[in-house]
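# A structural walkthrough
Next come the chains, spelled out residue by residue.
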Amino acid sequence: MGEQGTTIEEASKVRLGLVITICATLAGGIWWAASLQAKVDALLSNSAQHIIADRDQSAAISDLRHEMDLMRIRTSDLERKVKGPN
């Protein structure tokens, strides 16, 4: 029985070692996935900020074009007033 007891103990130790290895591997995988998710979230956030900045810049350009059009209209009106009714 002494030999069989030792074999069972050794098998239990091997099983425990495998369980610990599997748990560590799973924990490492979970950590890796969380790390990857954090990187993806950061990239998406950065992209969203760039998209917002691009929209803001496009809106600003559109506003400037509108202002330029108004200035042309005002300039034309002033030129007509200066020239008088010819």
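Quick note: structure is the one above.
Nothing here was measured: the structure is a model prediction, and the numbers come from that model.

Attention now goes to the overall build of the protein. The secondary structure content of the protein amounts to 1 helix and 0 strands. Since a compact globule built from 86 residues should have a radius of gyration of about 12 Å, the 37 Å found for the protein marks it as more spread out than a globular shape. The principal-axis extents of the C-alpha atoms in the protein amount to approximately 125 × 10 × 5 Å. For the protein, the proportion of its 86 residues judged to be buried stands at 0%.

By the secondary structure assignment, S62 is in helix α1 (residues 2–83). By relative accessible area, S62 is classed as partly exposed at 44%. Put simply, S62 and E79 are 17 residues apart on the chain and 26 Å apart in space, counted from C-alpha to C-alpha.

Moving on, we get to the pattern of salt bridges. Within this structure, the stated rule accounts for 2 salt bridges. For R80, the salt bridge goes to D77, with nearest N and O atoms at 3.0 Å. With R80 and D77 both in helix α1 and 3 residues apart, the pair spans about one turn of that helix.

What follows is about a nonpolar patch on the surface. Together, V14, L18, I22, L26 and I30 give the surface a local cluster of nonpolar side chains, amounting to about 510 Å² of exposed area. A relative accessible area of 53% means that L26 is categorised as exposed.

Here is what the cut-offs are and how they apply
- Residues numbered from 1 in each chain as written.
- Predicted model: local features only at pLDDT ≥ 70, side-chain atom pairs only at ≥ 80, totals over all residues.
- Heavy atoms only, no water.
- Helix = DSSP H or I, 4+ residues; strand = E, 2+ residues; numbered from the N terminus.
- Rg over C-alpha atoms; globule rule 2.2 N^0.38 Å.
- Buried < 20%, exposed > 50% of the residue type's maximum accessible area, 1.4 Å probe, protein only.
- Salt bridge = Lys/Arg side-chain N within 4 Å of Asp/Glu carboxyl O.
- Patch = residues over 30% accessible without salt bridge, like charges linked within 9 Å, V, L, I, M, F, W, Y side chains within 5 Å.
- Areas by Shrake-Rupley, 256 points an atom, 1.4 Å probe, with all protein chains shown as cover.

From the geometry alone we can't say anything about function, so treat these as descriptive.
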